Amino acid sequence: MRLLILLGAPGSGKGTQAKLLAERLGLVHLSTGDFLREEVRRGTQLGNQANQYMNTGELVPDVLILDMIKTRLVSDGMNRGFIFDGFPRTVAQAEGLGRLVDEVGAGIDRVINLAVDDEVIVGRLTARSTCGVCGAIYNDVSNSPRRAGFCDKDDAALVRRSDDSEAVVRNRLNVYHQLTKPLEEYYSRKGLFLKVDGHGTTDQVLTRVLTSLAASGTNDRAQV
Ligand code: AP5
Ligand code: MG
């Protein structure tokens, strides 16, 4: 099973790049944020528990996330390849994932960090909109839809995320620096960490990620 992890701050482009990479490399895109928003929308017990944390930009407790990931991996089939977007986000989650992949005799191929300056991120997130039906990601500045407010793919209405207000974005960035940044060191020590410049156009970033994967020796497995 091939397993890539996209690490990176809120708004660094994880969702945008994960969709492109999943398509390009034939992997299943697994976003914990998207899953949680779906649980909130459906009003499940997990959704109700998670909502309070997400609204303020705090992290949902590790135990809830790890249970959710385990269920998802089993239901999606562990023999398929995955690209994780927004997971793991704490050292405890990374350790939990390590145990999970050990149990099934798999391994993590690479951990890719999309590096973007905080002020660029605030600008990106306060201009983001997302299709309420297919999840396509847009931006008022860098990637606007052909018809304002509607998705290019299915014409459904675009929505703003409730955690994209500037105040919540700044808290999400603080949480990221405090709790997720240590994973750079964690995965560097395991020889899995790749840092990629996340500035520039979406295509430029995608090319950098693919080049970086190829240069790191994952050429054959990543089909770059
Ligand atoms: P999650 O949904 O994962 O949010 P996030 O990490 O804050 O990241 P975003 O989805 O906001 O940004 P992104 O990096 O995907 O960027 P995007 O491609 O959209 O998590 C939300 C919440 O859920 C968390 O706060 C937490 O509460 C909870 N949660 C989730 N996972 C958890 C976990 N593992 N543990 C605990 N809690 C968890 O791009 C952003 C914008 O920029 C878009 O408008 C896009 O069009 C634009 N853009 C993208 N690339 C470029 C580019 N190259 N140039 C210009 N614009 C660009
Ligand atoms: Mg995202």
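Every value quoted in this text rests on a predicted model; they were computed, and no experiment measured them.

Trainee: Teacher, can you tell me more about the site of ligand 1 here?
Mentor: The environment of ligand 1 is formed by 35 residues, the closest being Thr16, Glu58, Arg89, Arg128 and Arg172. The contact in question runs from an oxygen atom of ligand 1 to an N or O atom on the backbone of glutamate 58, over 2.6 Å. Contact between ligand 1 and arginine 161: an oxygen atom at 2.9 Å from a side-chain N or O atom of the residue. In the complex, 96% of the free accessible area of ligand 1, which totals 1,000 Å², lies under the protein chains.

Trainee: Would you mind going over the environment of leucine 36 with me for this structure?
Mentor: Note that leucine 36 resides in helix α2 (residues 32-42). For the pair formed by leucine 36 and methionine 68, sequence separation is 32 residues and the distance between their alpha carbons is 9.1 Å. Setting aside its immediate chain neighbours within four residues, leucine 36 contacts Leu46, Ala50, Met54, Val60, Ile65 and Met68.

Trainee: Explanation requested: the packing of aromatic side chains in the structure shown.
Mentor: Two numbers describe a pair of aromatic rings. These are the distance of the centres and the angle of the planes. As enumerated under the stated definition, the model contains three aromatic pairs in all. On the basis of an interplanar angle of 90 degrees and a centroid distance of 5.4 Å, the ring pair of phenylalanine 84 and phenylalanine 87 is categorised as edge-to-face. For the pair formed by phenylalanine 84 and phenylalanine 87, the shared burial category is buried. Between tyrosine 186 and tyrosine 187, the ring centres sit 5.0 Å apart and the planes meet at 90 degrees, which makes this aromatic pair edge-to-face. By the burial criterion, tyrosine 186 is buried, and tyrosine 187 matches it. Aromatic ring contacts, followed pair by pair, group Phe82, Phe84 and Phe87 into a single cluster. Stacked on the ring of phenylalanine 35, the Lys or Arg arginine 72 has its end atom at 3.6 Å from the ring centre.

Trainee: Is there a simple way to explain the sheet that holds strand β7 (residues 158-159) in this structure?
Mentor: Whenever strands of a sheet pair, they do so through backbone hydrogen bonds, lying parallel or antiparallel. Spatially, the three strands line up as an open sheet ordered β6-β5-β7, and their pairing is antiparallel. The open sheet is flanked by β6 (137-139) and β7, the only strands paired with a single partner. The pairing of strand β5 (residues 128-131) with β7 spans two bridges and is classified as antiparallel. Paired with threonine 130 across the two strands is valine 159, which belongs to β7.

The rules we used
- Residues numbered from 1 in each chain as written.
- Chains lettered and ligands numbered in written order.
- Predicted model: local features only at pLDDT ≥ 70, side-chain atom pairs only at ≥ 80, totals over all residues.
- Heavy atoms only, no water.
- Near = heavy atom within 4 Å.
- Polar contact = N/O pair within 3.5 Å; in protein donor to acceptor, adjacent residues only side chain to side chain.
- Areas by Shrake-Rupley, 256 points an atom, 1.4 Å probe, with all protein chains shown as cover.
- Helix = DSSP H or I, 4+ residues; strand = E, 2+ residues; numbered from the N terminus.
- Contact = heavy atoms within 4.5 Å.
- Phe/Tyr/Trp six-rings, centres within 6.5 Å; stacked < 30°, edge-to-face > 60°.
- Buried < 20%, exposed > 50% of the residue type's maximum accessible area, 1.4 Å probe, protein only.
- Lys NZ or Arg CZ within 6 Å of the ring centre and 35° of its normal.
- Pairing = 2+ DSSP bridges.

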